[in-house]
Each structure stands twice: as C-alpha cells, then as structure tokens.
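Examining the three-dimensional arrangement
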Amino acid sequence: MAETVGLKARRAGRLSGVDAFLWFVRVVVLVAVAWGSYKSISSGRLTAAQWRGLIVAGVSQGAVYGLVALGYTMVYGVLRFINFAHGEVFMAGSMIGFFVANGLSGTAMWASLPFVALLIALLAAMATSTSISLVLERVAYRPLRGLPRLVPFITAVGASFFLQYTFAGLFGADSKAYPPVEALKGGFTIVGFRFGKVQALVIVATIVMMIGLYLFVERTKAGRAIRAVSEDQEMASLMGINVDRSIALVFAVGGAMAGAGGLLYGLTFGQVDFLSGFLVGIKAFTASVLGGIGNLAGAMVGGLVLGLIESLGPSLVLFGLGVPSAHQLQDVVAFLALVMILIFRPTGILGERLAEERA
Amino acid sequence: MAEAVQTDLREELLPAREVDLRRSLRVGLLGGLTAVFVSAVGMVQSFDEAGLVVGPLSFGDILLLAVPFVFGVLAGQPPPVLKGFAEPTPGARNVIAGGVAGLLTGVVLGVFVALVDTFDVRDIFTRISPELLDILTYGQTLAVGILIGLVVNVILGLAGGASKLLGQRWRRPLFRALLVVVMLGVLEALVSQILRGARLGRVQDALYAPTGELQLPSAIAIGLGLFGLGLWLRDQPRAVRERIGAMERERRRLVAAGALVALVAVLGILPRVLGPFLTEVLNIAGIFLLMALGLNIVVGLAGLLDLGYVAFYAVGAYATAVLTSPASQAFSPELSFWVALPLVILAAVAAGLLVGTPVLRMRGDYLAIVTLGFGEIARILFLSDALKPVFGGAQGILRVPDIAIGPIEFRGPELFFYAILAFALVASYIVYALQDSRIGRAWMAMREDERVAEAMGVNTVAAKLWAFVIGAMLASFGGALIAVKVGSIFPNSFNVIVSFTVLIIIIVGGMASIPGVIVGALILVALPELLREFQEFRYLLYGALLIVMMLRRPEGLIPSRRRARELHEEEVVQDAWLRAQAADASATPSGE
C-alpha cells in the first residue's frame, strides 16, 4: 500500500511541470473567455437581436455537425477507430445532392412541389453516402480489423484523400452552387428569435432524423445487435449476432446521416466543392468528442455546442479581447475548442459510452 | 492407414482442380470497374498526351491495356495456400481464369462506352469527352471499337493468366524488363537530361525520337537485353548480400563506409549532370526528405501520429523569413541566415513544446486529430489579418535573402542543392544516431506499448516531448530552406496537404527506416514533379497508394527490420508454430 502511494507521489512529481502548464492553460483560457465576453457584451457592439441571430445560426450549423458527428461516434463506439474519411462521405452526399437538385431545378417540380424535389435530392444524397460508406468499410477497413489502431486510421486518411480527388476528377474541381429554392426564402420569428426558413428546415430535419435514429438503435432488433456488438464483439458473435453485418450497418447508418447532413449543408451555404468534407469532418469529429464519443445524444449535443462556440466565439470572446477581424479566426476557435475539451474533459459533456477499453 | 487419411485431407484442402469461375468473374468485374474509373476520372486522356513509344502507343493506352493484363495475372494466380501445402501445378485453368477476367473487364468497359455514347453526361462528369471516347473505341465507330476492345481485353487477360505458367524464374525478369521499358518512356525528360549531362548524346538519339518518344527498335532491344540480363543475374543480388553478410564486422563496416563515400561523391557531382531543372526537382524532394526524416522520429520511432506536421515547417519558414527579410512591417532585424538559424531552431523547439504538451495524455487517434487542428491553426494564424503586421497576412513575406558563406551566395538550384544536401546529411546523421540511443529505444518501447514502457522506467513524458521537439527542429530546417529557396513565403503553401505528403513518404518508404524515407521522398515527390501529366492525379494516387500499402505492406517498401517484425507478429508466430510442428513430425517416427 505504502509503496503504491510512493509510486503515485513520484509519478505526480515527475508530471508536475506538465500539470502546472496545463493548469496555467486552463486558467488563462477561462480568464480570457470571461474577460472577452464581459468586454464585448458591455461594449454593446451587437444588438440583442443580432446575438439571437448568431445563436440561431450556430444552432442550425451545429445541427449539421451533429448529423455528421453521429457517423464518427457510432463507428468509434463499435470499432474504437476514427473513420477519417467520414468527412468525404458527407461531401459525396452534398455533391450528389447538388447534381440531383440541379437536375430537378430545371423541371416544373422545383417550383410547384419544392419539398418533394428536395426529398428526392435528400434520398439521393443519403443513398450515395451510404453506399460509399459501405464500400469503404468493406474494402479499406474490414481487412484491417484487429491490427494496431493506427493502421486503419492511416488507411482512412488515404481513403479520404482518394475520395476527395476522385470527386475532383469526376466532377471537376470548381465549387458547385446549389440552385435557389423559392419556398425557402425569407424567415419568421418565434419568441424573438428570427429563423431563416432554411435554418428552420435544417433544425426540423435534424430532429426528425435523430428521433428516427434513436428509435432504430433502441427499439429494433438490428439496433440492439449494434449495441451488443459495441459492448463486446466476441460475446455478441457467440450470441448469434452477425458481427460483420452489424458493423456494416453502423457504417450504413452513419453514412446516411452524413448524406442528409451534406444536403442540408448545401442548402444552408449554397455551395459545395470537393474539399468541403475536410473542415466539416474535423469539426464533426470535434463535436462527437465534445459530446462524449460513443454517445449518440452526445453527438447531437456536441454538434450544437460546437456550432454555438463557433458562431458566438469570435464576436463574443475574440472581439472583446481586441483581436482585429476576428471572424477569420472562426476555425481557430473551433480547433481550440477541440484542444480545450481534450485537456479539460476528454470524456466529453455527456461522458463517453464505450465498453471497457480493450485496446 | 495414417497415410491414407493424410492424402484425403490433402485432397480436401487443395483448391478445386477446375477453374474457379466466381473468383475470376469477381476479379474481372473489379478490373472493369478500375478501367472505367481511370477513364472517367480523366487519367487515360491526360496520360494520352504523353507519348511513349514511336507509333500509336501512348501512356494512356498503356494504362488501359495494363488493366486487363494485371487483373488477368491476378485471376490466374491461384488462391493462396497455407504454408506446408503444395501449390497446385499451373495449367490451362490459370490461362482460362485470366481470360475470363479479361473478358469481363472488356464487357464492363464496353458497356460504359456504349452508355456514355448514348447519354450525354458531360455536364456532370467533366472528364468524359469525345476525345476519351475516341481513345476507348480505338478511333473506330462505336460497335467496331467495343468489339476490338473486347478482343484486346480477352487476349491481354489470357496473357496475364498465362504468365503464371512461366514460373517465377522467367516471370520476374520479364515483368521487370517491361516495367523498365515503360519507365524509360515515361521518364524521357529525366533520362535524356542525364544522358546529355554525361555527354552521351548519341545514346540519347538512338533511344528517343526527336519528339520524345522511345524508338521502337531500341525499346525492343532494351527490353530483350534487360530480360536476358535479369535471367543471367537472377541470383546475383542475393549472392552479393550473402557474401557481405558473411564478412566480418570490421570489413562489413569498411564496405558500408566505402559505399557511403561513393554515394556522397556521386551526390556531389549530381547537379552538374542533372542540369538546373532536374536539380530543382531534387531540391524539392530534399526539403521533403528533411521533413520526412523529422516525422519519421515522431511517427516512425515514437509512434505519435502527427497530422499537423506542417505547422513546424511553417514556423521554420516564417521565423527565417521574418528574421532575415526586410519586408516584414512590424519586426525585421534583417539578420543573416546563419545568425537567424539558431533562433529558428529555438522557435521550432517552442512550437514543438507548445504542440507536444497538451497532447501528452491523449490516445493515439485523438492525438492525430488534435495535431491536425494545430496545423490548421498555424496556417490560419499566419494568414489572419490579426497578425498581419508581423507575418504579412495573405500577401506573405517577400524578399527573403539567399544563404551566404562569406562571398559565396547559394543562388540558383545547382548551388542550393549543396545547402540542402548538407542539411539532409546532418538530419540523416541525427536520426541515425538517435535510433539506437537511449532515447531512441525509449521511443520504440513507447510505440509498442506506452503503459508497459512506463512500467519499465521509460519517462514517457520526456520521450514524447523530445520526439516532438526534434521532429519540429528537422521540419523547421525544411521550412528555413524553402523560405530561402523560393525567396518569399505565402500562408497557403503551408496547408494540410504538406503534412499528408510527408506522412505518405514515410509510410510508403518504410517507417523508422532512413533508406526507406529517402526512397519515399524520391518516388513520391521527385517523380510526380517530373511527370507533368501525373500532377493532377498526384493526390488521388497518394490516397490509393496509402490504402494499398496499409492493406498489403504496412511496413513500407524498405522496412526497418524491427518494425516489420512487429507488424507481422502473428505470421511470425504462425510460421514458428508450423516449423515446430514439422520438427515434431520428423522427430517422431512415422510408424506411431
């Protein structure tokens, strides 16, 4: 007993420099955030309505992150591996969604039945992303199961590159502008919050999708199988669960969500190119870590929080600290958020939901 | 009795005697999809502009023809048998399997051509053009073209399958000779420059037509010559290796030192032979080599997957530029390169600690993503208006002066080559010396299992920080050199693609292996610079290469022996088990 205490003490002694540094970072960040927020709110640069606008934008952006984050978090929950190419799965959905929407925008349907047309585009995007996700799993990840974790991760990095430049080769490297949807122009106000119609659509679609996913995972047989596999693969297979199929299903569902996110992203920002998946992918991963990886609800929460951090951060903190042209640093805020979470609370807001670490 | 059981078992375990039709069809389908892919993504057409051999054959054609052949070879290859079982003797079924695969490849490609011809998809697939169709139909009408394509694919598939009949002894020299001839055609610019530099203009004229294609007779002659040479020298490399292996330690060292001196001497006169353009290509590869050597420590030795390595490169470049150039607005001490260098190294060390400390306790894949984030943060900060007075924002920093030793200025690619060479030699030595040092062993222990390493008394905190710091230092050398070489730096040249390129170099070359990293840098950086047609598909091929390497050869082309053993631990164990079984079997009398 005494020995272990001694060991611990020595270990703590050795780490103390690092710990001191990390504590210093924590304190500095907290002080900076508090001071910056105080300064920018008291300066009155933005009106309350503008702040609310930023919040709505953050929520709708965060919803897309959440949808993409689901794919990361589910795959991580089952395989303990970051599917780095998931951002490209998202981009593929967005890209094919564009082509379908663009094709439909020339028809009468686009004006008369816009939501049916969008639904078709949505299904096409989801189908594309699902199939790419499945092919990835089959070709690149399945043969590498059980190897050191960095091996499939590096493969995923390669797949990400491959997909990016395949799309650039097939469809051209220029950015594709989504056709405008008449029915989604304008907006409305609910209790002081002004929603653009697109933002409202994104939020509603995400909620519907989340409920569907929740029911699928919690209530269906296949969902139960997935949960069993993420708990213990070997035991699940002994119980008669087809592990390969369950894992493929996880990739399929994650891909479908990313595809849906892709189309919604396209509608929000109006354009997509072959590199769009990179940033969204990293941010969605950040969201899944933020919420607690392996945790479905966590992915959504993490997405929303990250969306808010990203949209409010520059105006709230950086502006208050006197940083010029703070909006260029939006991505820096997002990445710093990732670093900070991993320092402050590596298990995320809602906590990780992983079976015991076996790696 | 026992013998009868054994033969029964063997019959059962051997692959079926007839053609495995499903397998050949699957391989053929993959071949067809590959052919469609390279066509639709634009490779065939782009490569078509590169002539290969005088006459109708372009590199694009070779690409198209290679697909059924390669997949024919794959289909003709019998499925792997367990060690200890005899491989079935090759026969007609290998050829037929190859032919079936070739046929399906042709069918898939034919369907693609027919579809593309009937439906206009140019608005969506930008690369599917009439010119591509023209290539795919061999310049004939649609029906005739598809028919020719089918026949050609079947023949090549059959040929691929038949190559199995040749046996290892003939096949390997044949494939090597074919590959060398194709490379000679592809690398025309490089080869003729070398020949010209070595004053062998006559050879060059014999080899290449004035337009740059290989002359057909000389291509055939070279192919045959290499094939003969390959047959003749079949066992030579191994014999040489064995002879060196058998030498005493002292003499082996002597041979190694002699080889090294010869290598350095060759490197010394290289710029003269290569001329400015090729030296420039080599310089770029050298800068990537410097970074790869550094990342090799972080990833290869210490096992910390750093995807934001470009940050250190950027820090090196910006520190050099700010300290030496007069162009930075807020701060420009205009030091000379050599005075600035220690400060650059200091900046890199600080950056290494800054990135290394927060990630100390993260698990491997989180570390990768966080470092990726740091890489992007660095780029965005250098780009931002907030730091514009120092780093120049999007306009970057111009007028970075050249390196000078006394009156000599390292200007122009040829002189600059020596600067890069010096740095590369120093870096190689650092990595070489560190590999087997105390810290090097600590890194490798940590790579294998952090917890166990810690329990064995390795100070993992210090080891990790050292890895980041030394990696950052080597990358900053690369950055300093690129800043001086180009004379100006812009934030967008420090994007994530640089990190990935360096990562791919060390993975393809072989993790934790210095020769591997050098070869990797030459293949992955210098080669694409030489092949203009490759440029736009460079990253596509990088990605594919990364996947294939991880699936087939995770230890890299020239692996470090230790690393390879770790990755194939299971196989090694299996082999040992089989050997033990064999030993047991021979030890116990057969009558029992």
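Residues numbered from 1 in each chain as written. Chains lettered and ligands numbered in written order. Predicted model: local features only at pLDDT ≥ 70, side-chain atom pairs only at ≥ 80, totals over all residues.

**Side note on the overall build of chain A**
In terms of regular secondary structure, chain A is built from 13 helices and four strands. In terms of C-alpha radius of gyration, chain A reaches 22 Å, essentially the compact-globule figure of 21 Å for 359 residues. For chain A, the spread of C-alpha atoms along the three principal axes comes to 80 × 65 × 40 Å. Scored against the burial criterion, the 359 residues of chain A give a buried share of 48%. Restricting to contacts in chain A with at least 6 residues of sequence separation, those with at least 24 account for 79%. (Helix = DSSP H or I, 4+ residues; strand = E, 2+ residues; numbered from the N terminus. Rg over C-alpha atoms; globule rule 2.2 N^0.38 Å. Buried ≥ 20, exposed ≤ 12 C-beta atoms within 10 Å, placed from the backbone. Contact = placed C-beta atoms within 7 Å.)

**Considering the overall build of chain B**
Counting its secondary structure elements, chain B contains 26 helices and two strands. Relative to a compact globule of 592 residues, whose C-alpha radius of gyration would be 25 Å, chain B shows 28 Å and is just as compact. Seen along its three principal axes, the alpha-carbon backbone of chain B occupies a region of about 80 × 70 × 50 Å. Expressed as a percentage of the 592 residues in chain B, the buried residues total 43%.

**Notes on helix 6 (residues 150–171) of chain A**
Residues and elements named next belong to chain A. Given a rise of 1.5 Å per residue, 22 residues ought to cover 32 Å, and the 31 Å separating the end C-alpha atoms of helix 6 matches this to within 8%. The buried fraction of helix 6 is high, at 20 of 22 residues. One or two steps after helix 6, the chain reaches Gly172, where phi turns positive at roughly 90°. (Expected span 1.5 Å × (residues − 1).)

**So, the nonpolar core**
Soluble globular proteins: nonpolar side chains tend toward being buried together. Within the largest apolar cluster, 260 residues are counted, with the highest numbers of intra-cluster contacts made by A:Ala260, B:Met291 and B:Ala292. With 17 residues, helix 13 (residues 249–301) of chain B is the largest single contributor of residues to this core. Sequence-distant contacts of A:Ala260, defined by excluding residues within four places in its chain, comprise A:Leu67, A:Leu122, A:Ala125, A:Met126, A:Ala205 and A:Met209. (Core = buried A, V, L, I, M, F, W, Y, C linked by C-beta atoms within 7 Å.)

**Focus: the domain arrangement of chain B**
Split into domains, chain B comes out as domain 1 (17–166), domain 2 (170–236), domain 3 (267–559) and domain 4 (565–592). On a C-alpha basis, the centroid separation for the pair domain 1 of chain B and domain 2 of chain B is 26 Å. (Domains from an automatic or database assignment.)

**Concerning the interface of chain A and chain B**
Each side of the interface is counted separately: chain A has 42 residues, and chain B has 42 residues. Those elements that place two or more of their residues in the side of chain A that touches chain B are helix 1 (2–43), helix 6, helix 11 (276–291) and helix 13 (330–344) of chain A. Ranked by the residues each element gives to the side of chain A that touches chain B, the list is headed by helix 6 of chain A, at 15 residues. Classifying every residue of the side of chain A that touches chain B by side-chain character gives 32 nonpolar, seven polar and three charged. (Nonpolar A, V, L, I, M, F, W, Y, C, P; charged D, E, K, R; others polar.)

**Regarding unusual backbone geometry**
One non-glycine residue, A:Arg80, lies in positive phi territory at about 55°. Along the chain, A:Arg80 turns up in the loop between helix 2 (48–79) and helix 3 (86–105). A residue is classified by how many C-beta atoms lie within 10 Å of it, and A:Arg80, with 19 of them, is partly exposed. If you check the backbone angles, B:Tyr138 has positive phi at about 55° while not being a glycine. Relative to the assigned elements, B:Tyr138 resides in the loop between helix 6 (130–136) and helix 7 (142–166). Owing to 16 C-beta atoms within 10 Å, B:Tyr138 belongs among the partly exposed residues under this scheme.

**Section: the packing of helix 18 (residues 412–435) of chain B against helix 21 (residues 460–486) of chain B**
Residue and element names in this part refer to chain B. In the contact formed by helix 18 and helix 21, the axes pass within 11 Å of each other and the chain directions differ by 175°. As the angle between them shows, helix 18 and helix 21 are arranged roughly antiparallel. Contacts between helix 18 and helix 21 involve Phe416, Ala419, Ile420, Phe423 and Ala427 from the first element and Leu474, Phe477, Leu481 and Lys485 from the second. Counted by class, the contact of helix 18 with helix 21 contains eight nonpolar, no polar and one charged residues. (Axes fitted to C-alpha atoms, helices over the stretch in contact; angles between N-to-C directions. Parallel < 35°, antiparallel > 145°, perpendicular 65-115°, else oblique.)

**Concerning the pairing of strand 2 (residues 187–190) of chain A**
Residues and elements named next belong to chain A. The pairing of strand 2 with strand 3 (residues 193–196) spans four bridges and is antiparallel. Residue pairing across strands places Gly187 opposite Gly196, the latter belonging to strand 3. Between strand 2 and strand 3, which pair antiparallel and follow one another directly, the connecting turn spans two residues, one of which, Val191, has a positive phi of 35°. (Pairing = 2+ DSSP bridges.)

**Some remarks on helix 21 of chain B**
Residues and elements named next belong to chain B. Over its 27 residues, helix 21 runs 39 Å from end to end, which matches the ideal 39 Å to within 8%, given 1.5 Å per residue. Within helix 21, 22 of the 27 residues are buried, leaving the element largely enclosed by the surrounding structure. Once helix 21 finishes, Gly487 follows within two positions and takes phi at roughly 90°, a positive value.

**Some points on the environment of B:Ala462**
Relative to the assigned elements, B:Ala462 resides in helix 21. The spatial distance from the C-alpha of B:Ala462 to the C-alpha of B:Ser332 is 34 Å, given a sequence separation of 130 residues.

**Focus: the environment of B:Val517**
Residues and elements named next belong to chain B. Checked against the element boundaries, Val517 lands in helix 23 (residues 514–530). Separated by 379 residues in sequence, Val517 and Tyr138 place their C-alpha atoms 41 Å apart. In this structure Val517 touches Leu289, Ala292, Leu293, Asn296, Ile505, Ile506 and Gly509, once residues within four positions along its chain are discounted.

**Quick look at the environment of B:Glu131**
Residue and element names in this part refer to chain B. Along the chain, Glu131 turns up in helix 6. The exposure class of Glu131 is exposed, given the 12 C-beta atoms found within 10 Å. Residues Glu131 and Leu557 lie 426 residues apart in sequence; the distance between their C-alpha atoms is 37 Å.

**Digging into the confidence of the model for chain B**
Residue and element names in this part refer to chain B. Summary statistics for chain B give a mean pLDDT of 82 and a share of 90% for residues scoring 70 or more. Every residue in residues 1–5 scores below 50 in pLDDT, and together they form zero contacts with partners more than four places removed in sequence or on other chains. Predicted complex metrics record ipTM = 0.84 and pTM = 0.85. (pLDDT = per-residue confidence, 0-100.)

**Focus on the packing of helix 12 (residues 296–318) of chain A against helix 13 of chain A**
Residues and elements named next belong to chain A. With their axes 9 Å apart at the nearest point, helix 12 and helix 13 run at an angle of 135° to one another. Viewed along their axes, helix 12 and helix 13 adopt a mutual orientation that is oblique. As for the relative orientation of helix 12 and helix 13, their crossing is right-handed in sense. Residues Leu306, Ile309, Glu310, Gly313 and Pro314 of helix 12 touch helix 13, and the partners they reach there are Gln330, Val333, Ala334 and Ala337. (Left-handed = near helix turned anticlockwise from the far one by under 90°.)

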